[in-house]
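Observations on chain architecture
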Amino acid sequence: RTIKTHQKNALRVDQIEKLLGSIETKTLVGKRDFALINLLFRTGLRLIEIKRAQICDMEMKDDGEGALLWIRGKGRDGKDDFVVVTDDALDPILRYLHHRKTKNTQEPLFASVSDRNNGKFITTFSLSRIIKQRLRAAGIDSVRITAHSLRHTFGVMAIQAGASLYEVQLAMRHTAPTTTEIYLGDIERAK
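Along each chain, numbering runs from 1 in the same order as the chain's sequence is written. Under the rules for a predicted model, residues below a pLDDT of 70 receive no local features and side-chain atom pairs below 80 are neither given nor counted, while totals for whole chains, interfaces and linings still include all residues. Note: side-chain values were computed over all heavy atoms of the structure, leaving out hydrogens and water.

Moving on, we come to the packing of helix α2 (residues 28-43) against helix α4 (residues 87-100). Angles here are taken between N-to-C directions and fall from 0 to 180 degrees, while the axes themselves are lines fitted to C-alpha atoms, restricted in helices to the stretch in contact. Helix and strand definitions follow DSSP, with helices as H or I runs of at least four residues and strands as E runs of at least two, each counted in order from the N terminus. As a packed pair, α2 and α4 sit with axes 9 Å apart at the nearest point and diverge in direction by 155°. By the angle class used here, α2 and α4 are roughly antiparallel. α4 is crossed by α2, and the crossing has left-handed handedness. Counted together, Leu28, Lys31, Arg32, Phe34, Ala35, Asn38, Leu39 and Arg42 of α2 and Asp88, Ala89, Pro92, Ile93, Arg95, Tyr96, His99 and Arg100 of α4 form the full contact between these two elements. Orientation is classified from the angle alone, with under 35 degrees giving roughly parallel, over 145 giving roughly antiparallel, 65 to 115 giving roughly perpendicular, and any other angle giving oblique. Crossings are assigned a handedness: left-handed for a near helix turned anticlockwise from the far helix by less than a right angle, right-handed for a clockwise turn. Whether two residues are in contact is decided by their heavy atoms, any of which lying within 4.5 Å being enough.

Structure (structure tokens):
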């Protein structure tokens, strides 16, 4: 049986480290981009889910260990789904929001800093462009590695860490298990 693969590659651990290590986090933009990229590969969020996220969608867990990020799933009207945001993903987000000096929880979780759209929701096109620029700056320049590769990275790493296909399907909010099975092809290709 032929195992299907994605048109995009997942990143390896050394590439993730190189990418995150290349981002200067002393500036607002650096803090935002680090927090954004770190969150994407740790949660498997889609760019559209990041684009729609507001600060008020972050719900700190009662035990103080991480948070839940409520999201509007693909093709849904309300924010009725969530991803778990561990402390490793949450801490950079909190540093970014503190530097941004947010005043209103209805503001975007990740805001644009462009002249025309400053403080407003960042577009999915801009998210893709920012991530691709960060990848290139880290020396990771391939047509098979894009912003969507961060989502693939989450799926592949979850399976490699022992998660079942069903668990990964739920975490990535895939409606069809065949979509999740494609990650097996990514793992086989990497071998």
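Okay, back to it.
Moving on, we get to the packing of helix α1 (residues 13-21) against α2. The geometry of α1 relative to α2 is characterised by a closest axis approach of 10 Å and an angle of 160° between their N-to-C directions. As judged from the angle between their axes, α1 and α2 are roughly antiparallel. By crossing handedness, the relation of α1 to α2 is classed as left-handed. Residues Ile16, Leu19 and Leu20 of α1 touch α2, and the partners they reach there are Phe34, Ile37, Asn38 and Phe41.

Another point: unusual backbone geometry. Positive phi is not limited to glycine here, since Lys101 has a value of about 55°. Along the polypeptide, Lys101 turns up in the loop between α4 and α5 (124-137).

With that settled, the discussion passes to the side chain of Gln169. Residue position: Gln169 is located in helix α7 (residues 165-172). By relative accessible area, which is 12% here, Gln169 ends up buried. Beyond its immediate sequence surroundings of up to four residues, Gln169 is in contact with His174, Thr175, Ala176, Pro177 and Thr180. Three labels apply to residues, based on accessible area from a 1.4 Å probe with only protein chains included: buried if under 20% of the type maximum, exposed if over 50%, partly exposed otherwise in between.

Another aspect to go through is the nonpolar core. Side-chain atoms within 4.5 Å are what join buried Ala, Val, Leu, Ile, Met, Phe, Trp, Tyr and Cys residues into a set we call a nonpolar core. Counting 41 residues, the largest nonpolar core has Leu39, Leu69, Val85, Leu109 and Phe110 as the members making the most contacts within it. Residue assignment for this core shows that the elements contributing at least two residues are α1, α2, α3 (47-52), β2 (67-71), β3 (81-85), α4 and α5. Of all the elements, α2 adds the most residues to this core, at seven residues. Leave out the neighbours within four places in its chain, and Phe110 touches Arg32, Ala35, Leu36, Leu39, Ile50, Ile93, Tyr96, Arg100, Lys120 and Ile122. If you look at the next biggest cluster of nonpolar residues, it comprises five residues, including Phe154, Ala158, Val168 and Met172.

Moving on: a negative patch on the surface. Within this analysis, patches are made of residues with over 30% relative accessible area and no salt bridge. Like charges are joined at 9 Å or less; nonpolar side chains (Val, Leu, Ile, Met, Phe, Trp, Tyr) at 5 Å or less. Here the open area of atoms and residues is found with the Shrake-Rupley method and a 1.4 Å probe, where only the protein chains shown may cover a residue. When a carboxyl oxygen of Asp or Glu lies within 4 Å of a side-chain nitrogen of Lys or Arg, that pair is called a salt bridge. By the counting rule applied here, Lys and Arg register as positive and Asp and Glu as negative, while His and the ends of each chain are not counted. For the purpose of locating charges, the reference atoms are NZ of Lys, CZ of Arg, CG of Asp and CD of Glu. Taken together, the side chains of Glu59, Asp62, Asp63 and Glu65 define an acidic patch exposed on the protein surface. For Asp62, the location among the structural elements is in the loop between β1 (58-60) and β2. The class of Asp62 is exposed, set by a relative accessible area of 86%.

Where empty space is left in the structure can be found by rolling a water-sized probe over the atoms. Residues are called lining when one of their atoms sits within 4 Å of a cavity or pocket point, these points coming from a 1 Å grid over the protein atoms alone, where a cavity is a set in which a 1.4 Å probe fits but cannot get out and a pocket is an open set with protein on both sides within 12 Å along at least five of seven lines. Grid points are joined across faces, edges and corners, and a volume is the space filled by probe spheres set on the points. Per the counting criterion, the structure on display carries one cavity of 30 Å³ or more. Counted as a void, the largest cavity has a volume near 40 Å³. Here the element with the most residues in the lining of the largest cavity is helix α6 (residues 148-160); it accounts for three residues. Amino acids are sorted into nonpolar (Ala, Val, Leu, Ile, Met, Phe, Trp, Tyr, Cys and Pro), charged (Asp, Glu, Lys and Arg) and polar (every other residue, Gly among them). Taken together, the residues of the lining of the largest cavity break down into five nonpolar, one polar and two charged.

With four of its five residues buried, β2 lies for the most part within the structure. When DSSP finds two or more bridges between a pair of strands, those strands are recorded as paired. Where β1 meets β2, three bridges bridge the pair, whose relative direction is antiparallel. The partner of Glu59 across the bridge, within β2, is Leu68. In textbook terms, the turn of a hairpin is the stretch between consecutive antiparallel strands, and for β1 and β2 this stretch comprises six residues, one of which, Gly64, has a positive phi near 75°. Pairing geometry for β2 and β3, over five bridges, is antiparallel. Its bridge partner lying in β3, Ile71 is registered against Asp81.

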